[in-house]
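# Commentary on secondary and tertiary structure
Residues per chain, in single letters:
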Amino acid sequence: MRELKLIGRHIRRHWLSYVLGILALAMVDFMNVYIPQFTGEITDGLKAGTIDMDGVWQLVGRIVLLGAGMAVGRFAWRYFIFGTGLAIQRDLRGELFSHLETLSTRYFNEHKTGDLMAHFTNDLQAVRMLMAPTVVTAFDATVMLLMVLGKMMLYVDMRLTLVAVIPLLLIMYGDYVYGKVMHRKFLAKQRAFSELTDQVQEAVSGIRVIKAFVQERKELAAFARINRLNHDRNMDVARTQALFLPLLDLVVGISGLLTLLYGGYLTIMGEITLGQFEAFNLYIAMLVWPMMATGECITFISQGMASIKRIQAILDERPEITDGPEVREIERLKGEIDLDGLCFTYPGQERAALDGVNIRVEQGETLAVLGRTGSGKTTLANLLLRLYNTKRNMIRIDGHSLYEIPLAVLRRDIACVPQDSFLFSDTLERNIAFGAEDKRQEDIRQAAKDACIHENIMDFPDGYQTVVGERGVTLSGGQKQRSAIARALLKDAPILILDDALSAVDTDTEEQILHNLRKNRAGRTTIIIAHRVSTIQHADHILVLEDGKAAEYGTHEELLARGGIYRSIHDKQQLEKQLREEGGAAL
């Protein structure tokens, strides 16, 4: 079972701490079972007159020493076992995060953020409870049960012990049924929590859209449904616990009642002493903990194994995009790109996103890609970065198939500004320097100047130390795009891809950024994906995509002269520009 292998691997890593903690726990249990015996000896000695006050104080001293030793032992097992549980939780969290970083884009397209976050919170918490408190309760209950039963049989009476234990055997069957039911209900509870987490994460991230469209009531109703489902699943677990735990109390109570009746009879008949009867009742009280711990232990095991199963499902996922056996020792890319009949269809889709695209881009050239929405422009950028796999030799860089280029080298030497300009909740300086190693502050500022964002940054009270909100929410769309462009420029990669990265920038700023690109990226390859002709008209080559196919290819002048799709888009945008200018003049 893979879940057990995962647990076993982490237990082996921390075996010494577990051994020390269990030894300390065993020491505490061993000392604990002698306290009722010493108490019974005091009672019998005082009743029979065979013990004086010195003897009483001697036994009391032993009890005090046992108590002190138990205190030290309890600290030790808490330190070693609970500390190990926290360490395993830390290690698993790191392993899970590290594994998620290796997974391909497809996995994150198919799994929601909230669901993944639930694995890092509730599931890992349940695993920690499995790896620490469960170890304590399982070992302590077992050892305490055996030691107490041994003392009851050897120090008191075998017959009385059997009478007291028979009702407790019912708990074994109840534990089996309870464990199966709890496992199923806890899985449902965790799934409901995942849905709740995802609902909250999505609503908070999209709060601006919710407010802009006045959909607060609708989102509140959707949240209420998910919240009710989560509540109901938690109540299912709570009801099961509320039913089982009182039944444990009832069984323990019946055992205690039988002990009083039969033990009292044996005491009256003189077959056991009053001190033995008193000690036996103390032992019965000590059995309550192992019985109660059994139910608690089953709860933790059911919940922990359910969570381990969910975590193992992620760890079992394998990335589709990896370095294969054909990878060569390529240290640096130059920027020559060949697309040879490039075809690609997204998983689960029937229509090809790209179909038979053939182009060649020499090192240092600028390729512009134009097309309507859904024509395959972004897909082309994703395939160059090998976020998805294509057939071999459809894409070649510097004469090498993408499969021959190490992923680390490929993505290091391609700087990309995606459509969604993602910024971290950090300072602008760190956002721009993200991905660039050992860059001086002067380099960061120069990249910001080339991206025409430097002046905006200096207008902020904290300048480059300004902390932007989550996903850069405190910046305008144009400021986010220019910050992302500065980050890509600072990387100084042989290949730069701008995927509609100037859509939120005004035309004057766009023209200045493009001028800086032509000046600073001489000799390096640039791919500009855009909707506006003004953005791409100075490119060396322009590729027009239509329904995933290369509809037109050439320079700005060649495509205008051809009078096709490019000319149509150009004329339409020129007309829109003229109408805007006339409208502005009229005002």
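For the structure, check the block above.
Here's a quick rundown of the structure.

Calculation notes
Residues numbered from 1 in each chain as written. Predicted model: local features only at pLDDT ≥ 70, side-chain atom pairs only at ≥ 80, totals over all residues. Heavy atoms only, no water. Helix = DSSP H or I, 4+ residues; strand = E, 2+ residues; numbered from the N terminus. Contact = heavy atoms within 4.5 Å. Areas by Shrake-Rupley, 256 points an atom, 1.4 Å probe, with all protein chains shown as cover. Axes fitted to C-alpha atoms, helices over the stretch in contact; angles between N-to-C directions. Parallel < 35°, antiparallel > 145°, perpendicular 65-115°, else oblique. Left-handed = near helix turned anticlockwise from the far one by under 90°. Nonpolar A, V, L, I, M, F, W, Y, C, P; charged D, E, K, R; others polar. Pairing = 2+ DSSP bridges. Salt bridge = Lys/Arg side-chain N within 4 Å of Asp/Glu carboxyl O. Core = buried A, V, L, I, M, F, W, Y, C linked by side-chain atoms within 4.5 Å. Buried < 20%, exposed > 50% of the residue type's maximum accessible area, 1.4 Å probe, protein only. 1 Å grid on protein atoms, 1.4 Å probe; cavity = no way out; pocket = protein on both sides within 12 Å on 5 of 7 lines; lining within 4 Å. Points joined across faces, edges and corners; volume = space filled by probe spheres on them. Polar contact = N/O pair within 3.5 Å; in protein donor to acceptor, adjacent residues only side chain to side chain. Phe/Tyr/Trp six-rings, centres within 6.5 Å; stacked < 30°, edge-to-face > 60°.

To continue, consider the overall build of the protein. Scanning the protein for helices and strands turns up 22 helices and 10 strands. Across the protein, contacts joining residues at least 24 apart in sequence account for 77% of those joining residues at least 6 apart. When the accessible surface of the protein is summed, it comes to about 30100 Å², and 58% of that surface belongs to carbon and sulfur atoms.

This part covers the packing of helix α2 (residues 15–32) against helix α4 (residues 53–102). Axes are the key here: two packed helices are described by the angle between their axes and the distance separating the axes. Close contact between α2 and α4 brings their axes to 8 Å; oriented N to C, the two are set at 150 degrees. Relative to α4, α2 is oriented roughly antiparallel. Crossing hand, α2 versus α4: left-handed. Between α2, through Ser 17, Tyr 18, Leu 20, Gly 21, Ile 22, Ala 24, Leu 25, Met 27, Val 28, Met 31 and Asn 32, and α4, the contact on the second element is made entirely by Leu 66, Gly 69, Met 70, Gly 73, Arg 74, Ala 76, Trp 77, Phe 80, Ile 81, Thr 84 and Ile 88. Considering only residue class, the contact of α2 with α4 consists of 15 nonpolar, six polar and one charged.

A few words now on the sheet that holds strand β1 (residues 337–344). The strands that make up a sheet are held in pairs by hydrogen bonds between backbone atoms, and each pair lies either parallel or antiparallel. Read from one edge of the open sheet, four strands run β2-β1-β4-β5, paired in antiparallel fashion. Since the sheet does not close on itself, it has two edges, and those belong to β2 (354–361) and β5 (400–401), each with one partner. Sheet topology note: the strand β4 (residues 395–397)/β5 ladder contains two bridges and is antiparallel. The residue of β5 that forms the bridge with Ile 397 is His 400. Strands β1, β2 and β4 of the sheet are contacted by helix α13 (residues 377–384), whose axis makes an angle of about 115 degrees with β1.

On to the pattern of salt bridges, then. In this structure the tally under the stated criterion is 23 salt bridges. Salt-bridge contacts for Glu 404 lead to Arg 328; the nearest nitrogen and oxygen are separated by 3.6 Å. Residue Glu 404 is found in the loop between β5 and α14 (407–412), and its partner Arg 328 is found in the loop between α12 (274–315) and β1; the two are separated by 76 residues along the sequence. One salt bridge connects Asp 426 with Arg 430, and the closest N-O pair in it is separated by 4.0 Å.

Ile 432, Ile 485, Leu 498, Ile 536, Ile 542 and Tyr 566 are the most contacted members of the largest nonpolar core, which has 44 residues in total. No other element matches the six residues that helix α18 (residues 477–491) contributes to this core. Of all hydrophobic cores here, the second largest spans 35 residues; its members include Ile 359, Leu 367, Val 369 and Ile 497.

The phi torsion at Asn 393 lies on the positive side, around 70 degrees, for a residue other than glycine. Take Asn 393: it is sitting in the loop between α13 and β4. At Asp 547, a residue that is not glycine, the phi angle is positive and equals roughly 55 degrees. Take Asp 547: it is sitting in the loop between β9 (541–546) and β10 (549–554).

Here we come to the sheet that holds strand β3 (residues 366–371). An order of β6-β7-β8-β3-β9-β10 is seen for the six strands of this open sheet, with the pairing classed as mixed. Where the open sheet ends on each side, the last strands, each with one partner, are β6 (414–417) and β10. Across the sheet, the mean angle from the axis of one strand to that of its neighbour is 15 degrees, orientation sign disregarded.

All right, on to the layout of surface pockets then. Its volume calculated, the largest pocket comes out at about 2200 Å³. Along its surface, the largest pocket is lined by 45 residues, and Phe 108, Leu 387, Phe 422, Phe 424 and Phe 434 are the ones closest to its centre. When grouped by side-chain class, the residues that make up the lining of the largest pocket number 23 nonpolar, 13 polar and nine charged. Every residue lining the second largest pocket is counted, 17 residues in all, and those nearest its centre are Thr 507, Glu 510, Arg 532, Ser 534 and Lys 577. When contributions to the lining of the second largest pocket are tallied by element, the ones reaching two or more residues are α19 (507–520), α20 (533–536) and α22 (565–586). Across the lining of the second largest pocket, the residue classes tally to two nonpolar, seven polar and eight charged.

Okay, the environment of Lys 185 next. When you line up the elements, Lys 185 lands in helix α9 (residues 170–205). The exposure class of Lys 185 is partly exposed, given its relative accessible area of 25%. Linking Lys 185 and Thr 240, residues 55 residues apart in sequence, is a C-alpha distance of 9.0 Å. Ignoring sequence-local partners within four residues, the contact set of Lys 185 consists of Asp 236, Val 237 and Thr 240. Side-chain polar atoms of Lys 185 contact the side chain of Thr 240, separated by 3.1 Å.

Under the defined criterion, the tally for this structure stands at nine aromatic pairs. On the numbers, 5.7 Å between centres and 90 degrees between planes, the contact of Trp 77 with Phe 82 is edge-to-face. On the accessibility criterion, Trp 77 (8% relative accessible area) is buried. Using a relative accessible area of 32% as the deciding quantity, one classes Phe 82 as partly exposed. Aromatic side chains Phe 422 and Phe 424 sit 5.1 Å apart centroid to centroid with 80 degrees between the ring planes, which places their arrangement in the edge-to-face category. You can call Phe 422 partly exposed: its relative accessible area is 32%. Accessibility expressed as a relative area gives 36% for Phe 424, which makes it partly exposed.

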